[in-house]
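# Reading the structure
Spelled out, the chains give:
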Amino acid sequence: MSERLPHTLRSDALDNRASLLDSARALFSADGLDVPMREIARRAGVGPATLYRHFPTKQTLIAEAFADQLHACRTIVDEGCADPDPWRGLRGVIEKICEVHALDRGFTEAFLSTVPGGPDLAGRAYTLEALAGLARRAKDAGGLRPDFVLDDLVLVFMANKGIRTRSATTQVAASRRFAALTIQAFAADPERAPLPPAPRLAAAANNPAAANTSAATNEPATANNPAAGSSS
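Residues numbered from 1 in each chain as written. Predicted model: local features only at pLDDT ≥ 70, side-chain atom pairs only at ≥ 80, totals over all residues. Heavy atoms only, no water.

## As for the layout of surface pockets
Reported here for the second largest pocket is a volume of approximately 250 Å³. Around the second largest pocket sit 16 residues that line it, and Glu95, Ala180, Ile183, Gln184 and Ala193 are the ones nearest its centre. The set of elements that each furnish at least two residues to the lining of the second largest pocket consists of helix H6 (86-102) and helix H10 (168-186). Of all the elements, H10 adds the most residues to the lining of the second largest pocket, at five residues. Residue composition of the lining of the second largest pocket, by class: nine nonpolar, one polar and six charged. (1 Å grid on protein atoms, 1.4 Å probe; cavity = no way out; pocket = protein on both sides within 12 Å on 5 of 7 lines; lining within 4 Å. Points joined across faces, edges and corners; volume = space filled by probe spheres on them. Helix = DSSP H or I, 4+ residues; strand = E, 2+ residues; numbered from the N terminus. Nonpolar A, V, L, I, M, F, W, Y, C, P; charged D, E, K, R; others polar.)

## As for helix H2 (residues 37-44)
Residues of H2 that are buried include every one of Met37, Ile40, Ala41 and Ala44, and no others. Summarising the axial view, the buried residues of H2 lie within an arc of 95°, below the 170-degree limit, and thus occupy one face. Residues of H2 that are exposed and point over 90 degrees away from its buried face: Arg38 and Arg42. Where H2 terminates, the next one or two residues include glycine 45, which has phi positive at roughly 80°. (Buried < 20%, exposed > 50% of the residue type's maximum accessible area, 1.4 Å probe, protein only. Arc of directions from axis to C-beta.)

## Points about the nonpolar core
If you look at the biggest cluster of nonpolar residues, it comprises 46 residues, and the most contacted ones within it are Phe28, Ile40 and Leu61. With six residues, H6 is the single largest residue contributor to this core. Once residues within four sequence positions are removed from consideration, leucine 61 is found in contact with Leu21, Ala24, Phe28, Met37, Ile40, Leu51 and Phe55. (Core = buried A, V, L, I, M, F, W, Y, C linked by side-chain atoms within 4.5 Å. Contact = heavy atoms within 4.5 Å.)

## Description of the packing of helix H7 (residues 105-112) against helix H9 (residues 150-161)
Contact geometry for H7 and H9: axes closest at 10 Å, N-to-C directions at 155°. As the angle between them shows, H7 and H9 are arranged roughly antiparallel. Of the two possible hands of crossing, H7 and H9 adopt the one that is left-handed. Mapping the contact onto sequence places Arg105, Thr108, Glu109 and Leu112 in H7 and Val154, Phe157, Met158 and Lys161 in H9. (Axes fitted to C-alpha atoms, helices over the stretch in contact; angles between N-to-C directions. Parallel < 35°, antiparallel > 145°, perpendicular 65-115°, else oblique. Left-handed = near helix turned anticlockwise from the far one by under 90°.)

## Considering the pattern of salt bridges
For the structure on display, the rule yields seven salt bridges. Among the salt bridges present, the one from arginine 25 reaches aspartate 22, with a minimum N-O distance of 3.2 Å. Note that arginine 25 and aspartate 22 are positioned in helix H1 (residues 5-31) at a spacing of three residues, about one turn of the helix. In this structure, aspartate 83 and arginine 88 form a salt bridge, with 2.7 Å as the shortest nitrogen-oxygen distance. Using a relative accessible area of 17% as the deciding quantity, one classes aspartate 83 as buried. A relative accessible area of 40% places arginine 88 in the partly exposed class. (Salt bridge = Lys/Arg side-chain N within 4 Å of Asp/Glu carboxyl O.)

## Regarding the side chain of serine 23
Assignment of secondary structure puts serine 23 in helix H1. Assessed through its relative accessible area of 6%, serine 23 is described here as buried. Setting aside chain neighbours within four positions, we find serine 23 in contact with Ile40, Arg43 and Ala44.

## Digging into the side chain of threonine 50
Its place among the elements puts threonine 50 in helix H3 (residues 48-54). Residue class for threonine 50 comes out buried when judged on its relative accessible area of 14%. Each residue touching threonine 50, except ones within four places of it in the same chain, is listed here: Asn16 and Leu20.

## Describing the packing of aromatic side chains
Within this structure, the stated rule accounts for three aromatic pairs. Aromatic pair phenylalanine 66 and phenylalanine 107: ring centres 5.7 Å apart, planes at 55°, arrangement tilted. Within this pair, whereas phenylalanine 66 is found in the loop between helix H4 (58-65) and helix H5 (67-82), its partner phenylalanine 107 is found in helix H7, the two being separated by 41 residues in sequence. Here phenylalanine 148 and phenylalanine 186 contribute two aromatic rings whose centre-to-centre distance is 5.0 Å and whose plane-to-plane angle is 75°, an arrangement assigned as edge-to-face. Highlighted residues: phenylalanine 148 in the loop between helix H8 (124-140) and H9 and phenylalanine 186 in helix H10, separated in sequence by 38 residues. Like phenylalanine 148, the residue phenylalanine 186 is buried in the burial classification. A connected cluster of aromatic rings, assembled from ring pairs, spans Phe28, Phe66 and Phe107. (Phe/Tyr/Trp six-rings, centres within 6.5 Å; stacked < 30°, edge-to-face > 60°.)

Here it is as structure tokens:
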């Protein structure tokens, strides 16, 4: 009996840690980084002491909670940098990172945070430096407009974070269209390629009930049927 007790305690501790991380990800994604630590502990079903035993500061919790997303962003940037066409590579990076950020408000806040004491996401500096290098090569190749600066891309991520819709599907659709518009604005010689489909954001803003019906029915919106949404 005594030999099995440490294993049981270790298993409980691992379960608590996993539950805390799942709760933190869900709350940060929905509400941003201002979620109180006590709320995260409550959702995980543990006491504050257990939370602080695993994560002494909110910064350590944020860094651990978003490790997978940061790795995904780094992979996206590495793939873009490996593209022999740097402008095409940069376009792909913008599209994919906007989509990652669109689904997780908390990660965007953490990634963009530069305030003292903010979350220290290992690899964030590498990601931004790699993006800067890719942008320089895209300029040299003539694809990216010459007056582009890295802060323009940070501004895009900040604006993309502000997209708020009633469903993840619409959120991603809106982010994709926003990214396409951004890419056209960044191009040295805009190609005016067709944009991704536009989500029904204006109708949803004016008629929340219609947006809910739209999501449920997936019917195309018309002048006579504003409650319907676009079909896929």
